[in-house]
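Listed below, chain by chain, are the residues.
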Amino acid sequence: MRVYAAIADLRVDRSRIRMEGRAVGLVPTMGALHEGHLSLIRQAKRDCDVVAVSVFVNPTQFGPHDDYLRYPRTLERDIALADNAGADVLFAPEPAEMYPDGFQTTVQPGPIADVLEGPLRPGHFAGAATIVAKMLNIVQPERAYFGRKDYQQLRVVERMVRDLDTPTQIVGCPTVREPDGLAMSSRNAYLCAEERRAATVLYLSLEAAWRSAEGSLVDPDAARGAMRRVLSAEPLAAVQYAEVANPETLQPLTAPAPRAIALLAVFIGRTRLIDNMELGGLASMELGGPTCH
Ligand code: AMP
């Protein structure tokens, strides 16, 4: 695996790959790689000739009270894990490489970023969309892989590439979970043993929403109620939102619908966790259980 910190060096490699006619898949990450990230790398490897992974803790998507400084940074380990999972190129720039003096142009997402995470994390999606746009311009991949774990981010990025005519196909991949259902996340490392136990309440409440939605239509009020009942039984959980939304627009559902997405943001102690699950639809019923998105 070739490791680059400079955009110019990566571009030389990219030109050679283009001349060889090989397709590139990009997996953008903030590092502290875990099985969730590795599943994206493996999917990219199945679909593409060359897999590039970016590792960059993007300062502009963190708010002033977020965990930018204490976010885990484990580059040596990430290099080994990405290499093992089949990545061919790893791009790990310093902040000054991505945001040099004079930087001033950003991507401003639309209404899809104004709900759920949007109001709670002002500027987050503008920061995330801008860095994804930069990574897509630098790597120029045929495909880019994102986890459904960050469902709203995936939808924001899909909207951005459509609106800005970016020639990259966005691929959304299933959420990888721990055996007890907790979605894998670099932030799980912040949890002490007691909080780690309590954190399973996110998955349990999504499962309750999924069960409440069995049948042909999802009743959003029933699904919200099912989530809240489970969450309120966990004293370590402080809920920011437990919403049921239209899976495309992410606007809250006001009437029963054939398909929906349940989304959660919950503080467990000082650690903020998010998760989501698709409700309704034939696919999940055929599997006889919730699909892990
Ligand atoms: P992050 O490093 O947290 O910014 O995540 C980088 C990419 O990995 C994003 O597209 C995430 O949605 C994805 N990702 C994070 N956790 C998981 C998971 N548990 N399963 C699948 N994808 C994930």
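Up top you'll find the structure we're talking about.
Bear in mind that the values here come from a model prediction, so they are computed numbers and not experimental data. (Residues numbered from 1 in each chain as written. Predicted model: local features only at pLDDT ≥ 70, side-chain atom pairs only at ≥ 80, totals over all residues. Heavy atoms only, no water.)

Asker: Describe the side chain of Arg-121, with residues and values.
Answerer: Structurally, the position occupied by Arg-121 is in the loop between α5 (117-120) and α6 (124-139). Relative accessible area serves as the criterion here: at 13%, Arg-121 is assigned to the buried category. Each residue touching Arg-121, except ones within four places of it in the same chain, is listed here: Gln-61, Asp-66, Arg-187 and Arg-272. (Helix = DSSP H or I, 4+ residues; strand = E, 2+ residues; numbered from the N terminus. Buried < 20%, exposed > 50% of the residue type's maximum accessible area, 1.4 Å probe, protein only. Contact = heavy atoms within 4.5 Å.)

Asker: Help me get a handle on the site of the ligand, residues and values and all.
Answerer: Every one of the 16 residues lining the ligand counts as a neighbour, but His-37, Gly-147, Asp-150, Val-176 and Met-184 are closest to it. For the ligand, an oxygen atom lies 2.9 Å from a polar atom in the side chain of His-37. Between the ligand and the protein, one listed contact pairs a nitrogen atom with a backbone N or O atom of Met-184 at 2.9 Å. Out of a free accessible area of 480 Å², the ligand has 93% covered by protein chains. Partitioned by chemical class, the residues of the shell around the ligand number eight nonpolar, six polar and two charged. (Near = heavy atom within 4 Å. Polar contact = N/O pair within 3.5 Å; in protein donor to acceptor, adjacent residues only side chain to side chain. Areas by Shrake-Rupley, 256 points an atom, 1.4 Å probe, with all protein chains shown as cover. Nonpolar A, V, L, I, M, F, W, Y, C, P; charged D, E, K, R; others polar.)

Asker: Account for the packing of aromatic side chains, with residues named and values stated.
Answerer: Any two aromatic rings considered together are summarised by their centre-to-centre distance and by the angle between their planes. Following the criterion strictly, the structure yields four aromatic pairs and no others. Between Phe-62 and Tyr-71, the aromatic rings sit 5.8 Å apart at their centres with planes inclined by 75°, giving edge-to-face as the arrangement. Residue Phe-62 shares its accessibility class with Tyr-71, and that shared class is buried. When the ring centre of Tyr-68 is taken as origin, the NZ or CZ atom of Arg-73, which lies over that ring, is 4.8 Å away. (Phe/Tyr/Trp six-rings, centres within 6.5 Å; stacked < 30°, edge-to-face > 60°. Lys NZ or Arg CZ within 6 Å of the ring centre and 35° of its normal.)

Asker: Please provide a residue-by-residue account of the sheet that holds strand β5 (residues 143-147), values included.
Answerer: What holds strands together in a sheet is hydrogen bonding between their backbones, with the strands either parallel or antiparallel. Reading across the sheet, the six strands line up as β1-β4-β3-β2-β5-β6 and stay open at both edges, with parallel pairing between neighbours. If you trace the sheet from one side to the other, it starts and ends with β1 (2-4) and β6 (169-173), each paired once. Taking the axes of each pair of neighbouring strands and ignoring which way they run, one obtains an average angle of 25° across the sheet. Helix-sheet contacts for helix α1 (residues 7-19) involve β1, β2 (24-29), β3 (50-55) and β4 (89-91), and the interaxial angle to β1 is about 140°. Along the sheet, helix α2 (residues 35-47) contacts β2, β3, β5 and β6; its crossing angle with β5, the most-contacted strand, is approximately 150°. (Pairing = 2+ DSSP bridges. Axes fitted to C-alpha atoms, helices over the stretch in contact; angles between N-to-C directions.)

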